[in-house]
There are 6 protein chains.
Amino acid sequence: MALVPDNTLITATPEEGRQLAIMLARKTIGAIQTDPDVRAGLRPMYANNPDSLTAAGHVVAIEFATVAAANNYWRA
Amino acid sequence: MALVPDNTLITATPEEGRQLAIMLARKTIGAIQTDPDVRAGLRPMYANNPDSLTAAGHVVAIEFATVAAANNYWRA
Amino acid sequence: MALVPDNTLITATPEEGRQLAIMLARKTIGAIQTDPDVRAGLRPMYANNPDSLTAAGHVVAIEFATVAAANNYWRA
Amino acid sequence: MALVPDNTLITATPEEGRQLAIMLARKTIGAIQTDPDVRAGLRPMYANNPDSLTAAGHVVAIEFATVAAANNYWRA
Amino acid sequence: MALVPDNTLITATPEEGRQLAIMLARKTIGAIQTDPDVRAGLRPMYANNPDSLTAAGHVVAIEFATVAAANNYWRA
Amino acid sequence: MALVPDNTLITATPEEGRQLAIMLARKTIGAIQTDPDVRAGLRPMYANNPDSLTAAGHVVAIEFATVAAANNYWRA
């Protein structure tokens, strides 16, 4: 399984960078818990818990900081 | 749904940058929990819990760090 | 309500930068929980809990990192 | 035990950088809890808990930020 | 009360920078919970709890990152 | 007690930098909880709890980010 889709941090736009950040966060979880059925079973546990959602959003924010720096913040 | 409003991290002012940071944090949650009714039901759970509010503010602080760097801190 | 007092990250001194960091953290909470009476009711809950205080201090530390970078660390 | 495999942060690709970030996170745990049997016993506790998985992914995100900066984000 | 002792982030050595990081973290808590008796009462609650200690050390690590950057890492 | 061993962030290798990051994290805890017997008593509490271990590894990751930047990532 690829941890970094397309093996690059470079994206055309901030929107795509944000999508990549979400993917990076998810792929890490998939590398730790490799059973897709288990992961599917955990989803309702955190998707309905506000603190779990905030924690997930926190990780995406950190991944995005890296992606954004890699892309020089997509400055024109 | 757009994860990055207007598909840019560049804003005219720190105030607008801060608003963008809040939006970025919220859009991520919306991408993970896509049901707006569920999200609405979760809101009172965290909006009345001080630790949940601190955690949400934490994520905004991280998003803002990225937005501020993208804008060279709006230095004159 | 302004999220960034005076709409700038630039301050004259580290002390003022630290005050700004605290303000930034507080304004975010005010943007999420807009009812001042609710916020006032939450205050004793976290101001007497050491982990809540640490979490609040954590957010201030992150906000300050951004403010300090914006001001080039107030190097002489 | 080596804390940094091959004693370098430089990798050929983002994918390898991500693998290194996961290794760095794991090696730290191994340095704190040195008993492999204890570590093996803890694994089901966090691999089936969504918040534990998010917390583990959080650490990987931070390690990756360092590895990515070390590699200048593998820009072409 | 001063939030930043001596109103500067510049220190002569890493050791002094580390001491400053601890002070910065403590001063923030003092600004949120202004009653010294309450603070003294909270101390045994977190000083004997490993997770509370880790959380406190986490904040110091973040403050130190800022102080270290301000001092260009005290490179010779 | 020294908070920064040898009073420098500069190390010869990433491996030594990682060791320093672990030391920095530990020295902070020692500065907050100064009683070595208490610290020894807390150790089994977190060394057998996966979330506590992750939290400790999180702090090491942040300390290492600072040490790595100080050393320009040990690039050849």
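Residues numbered from 1 in each chain as written. Chains lettered and ligands numbered in written order. Predicted model: local features only at pLDDT ≥ 70, side-chain atom pairs only at ≥ 80, totals over all residues. Heavy atoms only, no water.

With an unreviewed UniProt entry as reference, chain A is termed Hexameric tyrosine-coordinated heme protein (HTHP), source organism Janibacter cremeus.

> How do you make sense of the packing of helix α1 (residues 14-32) of chain C against helix α3 (residues 50-70) of chain C when you look at a structure like this?
A packed helix pair is summarised by two numbers, namely the angle formed by the two axes and the spacing between the axes. Residues and elements named next belong to chain C. Two elements in contact, α1 and α3, have axes separated by 8 Å at closest approach and are oriented at 125°. Relative to α3, the element α1 lies oblique. Taken as a pair, α1 and α3 cross one another with a handedness that is right-handed. Residues P14, G17, R18, L20, A21, I22, L24, A25 and T28 of α1 pack against V59, V60, E63, F64 and V67 of α3. Grouping the amino acids of the contact of α1 with α3 by side-chain chemistry returns 10 nonpolar, two polar and two charged. (Axes fitted to C-alpha atoms, helices over the stretch in contact; angles between N-to-C directions. Helix = DSSP H or I, 4+ residues; strand = E, 2+ residues; numbered from the N terminus. Parallel < 35°, antiparallel > 145°, perpendicular 65-115°, else oblique. Left-handed = near helix turned anticlockwise from the far one by under 90°. Contact = heavy atoms within 4.5 Å. Nonpolar A, V, L, I, M, F, W, Y, C, P; charged D, E, K, R; others polar.)

> Whenever I open this one, the packing of aromatic side chains confuses me. Can you help?
Describing an aromatic ring pair means giving the distance of the ring centres and the angle of the ring planes. Taken as a whole, this structure holds six aromatic pairs over all chains when the rule is applied. On the numbers, 5.8 Å between centres and 20° between planes, the contact of F64 of chain B with W74 of chain B is stacked. Pair noted here: F64 of chain B is in helix α3 (residues 50-70) and W74 of chain B is in the segment after α3, with a separation of 10 residues, a long-range link. When its relative accessible area of 15% is taken as the criterion, W74 of chain B is described as buried. Across the ring face of F64 of chain E, the terminal group of R18 of chain E is positioned such that the distance to the ring centre comes to 4.7 Å. (Phe/Tyr/Trp six-rings, centres within 6.5 Å; stacked < 30°, edge-to-face > 60°. Buried < 20%, exposed > 50% of the residue type's maximum accessible area, 1.4 Å probe, protein only. Lys NZ or Arg CZ within 6 Å of the ring centre and 35° of its normal.)

> Whenever I open this one, unusual backbone geometry confuses me. Can you help?
Trans peptide bonds make up the majority, and among non-glycine residues the majority have a negative phi. A positive phi is found at Y73 of chain B, a non-glycine position, where the angle reads about 65°. Along the chain, Y73 of chain B turns up in the segment after α3.

> So what exactly am I meant to see when it comes to helix α3 (residues 50-70) of chain A here?
Count 3.6 residues to each turn of an α-helix, and residues three or four apart come out pointing the same way. The end-to-end C-alpha distance of α3 of chain A is 30 Å, a good match for the 30 Å that 21 residues give at a rise of 1.5 Å each. Judged by how many residues are buried, α3 of chain A sits mostly within the fold: 18 of 21 residues are covered. (Expected span 1.5 Å × (residues − 1).)

> Any chance you could explain the interface of chain A and chain D here in plain terms?
The interface of chain A with chain D comprises 30 residues on the first partner and 28 residues on the second. Between chain A and chain D, a total of about 2,400 Å² is buried, with carbon and sulfur atoms accounting for 66% of that surface. There are one salt bridge connecting chain A and chain D. We note a salt bridge from E63 of chain A to R18 of chain D, for which the minimum N-O separation is 2.5 Å. Joining chain A to chain D, the criterion identifies 11 residue pairs in polar contact (both at pLDDT 80 or more). Going through the elements one at a time, α1 (14-32), α2 (36-47) and α3 of chain A are the ones with two or more residues in the side of chain A that touches chain D. Of the residues forming the side of chain A that touches chain D, the biggest block, 10 residues, is contributed by α3 of chain A. Residue composition of the side of chain A that touches chain D, by class: 21 nonpolar, eight polar and one charged. (Buried area = accessible area lost by both parts, 1.4 Å probe. Salt bridge = Lys/Arg side-chain N within 4 Å of Asp/Glu carboxyl O. Polar contact = N/O pair within 3.5 Å; in protein donor to acceptor, adjacent residues only side chain to side chain.)

> Is there a simple way to explain the environment of V67 of chain A in this structure?
Inspection of the secondary structure assignment puts V67 of chain A in helix α3. The spacing of V67 of chain A and A31 of chain A is 36 residues in sequence and 20 Å in space, taken between C-alpha atoms.

> Can you walk me through the nonpolar core in this structure?
Among soluble globular proteins, nonpolar side chains are generally buried collectively. L9 of chain A, L9 of chain B, L9 of chain C, L9 of chain D, L9 of chain E together with L9 of chain F are the most contacted members of the largest nonpolar core, which has 114 residues in total. In contact with L9 of chain F, not counting residues within four places along its chain, are P14, F64, A68, Y73 and W74 of chain E together with V4, L20, L24, T66, V67, A70 and N71 of chain F. (Core = buried A, V, L, I, M, F, W, Y, C linked by side-chain atoms within 4.5 Å.)

> Before we go on, may I ask you to explain the relation of the copies chain E and chain C in this structure?
Two copies of the chain are present, and they differ by a rotation about an axis and a shift along that axis. With an RMSD of 0.0 Å, the operation that places chain E on chain C is a rotation of 60° combined with a shift of 0.0 Å along the axis. What we have between these two chains is a six-fold relation. Across chain E, the rotation axis passes nearest the C-alpha of I62 of chain E, at a separation of 7.1 Å. (Least-squares fit on C-alpha atoms with pLDDT ≥ 70 in both.)

> Explain the interface of chain E and chain C to me, please; I cannot follow it from the model alone.
By convention, interface size is frequently given as the accessible area that disappears when the constituent parts associate. Every contact between the two is made by 30 residues of chain E and, on the other side, 28 residues of chain C. Approximately 2,400 Å² of surface area, both sides summed, lies buried where chain E meets chain C, with 66% of it carried by carbon and sulfur atoms. Where chain E packs against chain C, one counts 11 residue pairs in polar contact (both at pLDDT 80 or more). Of all the secondary-structure elements, those providing two or more residues to the side of chain E that touches chain C are α1 (14-32), α2 (36-47) and α3 (50-70) of chain E. Here the side of chain E that touches chain C gets 10 residues from one element, more than from any other, and that element is α3 of chain E.

> What should I look at first to understand the relation of the copies chain A and chain D in this one?
Its rotation angle being 60°, the transformation that places chain A on chain D also includes 0.0 Å of axial translation and leaves an RMSD of 0.0 Å. Comparing interface residues between copies, only 13% of those in chain A also sit at the interface in chain D, which points to a heterologous contact through distinct surfaces.

> How should the side chain of T28 of chain B be read in this particular structure?
Within the secondary structure, T28 of chain B is located in helix α1 (residues 14-32). Of the polar contacts made by the side chain of T28 of chain B, one reaches the side chain of R18 of chain A; its length is 2.8 Å. Side-chain polar atoms of T28 of chain B contact the backbone oxygen of L24 of chain B, separated by 3.0 Å. Leave out the neighbours within four places in its chain, and T28 of chain B touches R18, G57 and V60 of chain A together with E63 of chain B.

> Would you mind going over the environment of E16 of chain B with me for this structure?
Residue and element names in this part refer to chain B. By the secondary structure assignment, E16 is in helix α1. With a relative accessible area of 38%, E16 lands in the partly exposed category. Note: C-alpha distance between E16 and V67 (51 residues apart in sequence) is 9.9 Å.

> It is not clear to me how the packing of α1 of chain C against α1 of chain E should be interpreted in this structure. Could you clarify?
Running from N to C, α1 of chain C and α1 of chain E point in directions that differ by 55°, and their axes come no closer than 12 Å. Our classification of the angle between α1 of chain C and α1 of chain E gives oblique. Crossing of α1 of chain C against α1 of chain E: the hand is right-handed. Contact residues: R18, I22 and R26 of chain C in α1 of chain C; L24, A25, T28, A31 and I32 of chain E in α1 of chain E.

> Quick question: what am I supposed to make of the side chain of T11 of chain E here?
All names here are of chain E. Tracing the sequence through the fold places T11 in the segment before α1. Residue classification places T11 among the buried residues on the basis of a relative accessible area of 14%. Here the side chain of T11 touches T13 through a polar contact of 3.0 Å, landing on its backbone oxygen. At 3.4 Å, the side chain of T11 and the backbone nitrogen of G17 are in polar contact. What T11 contacts, discounting residues up to four positions off in sequence, is E16, G17, L20, N71 and W74.

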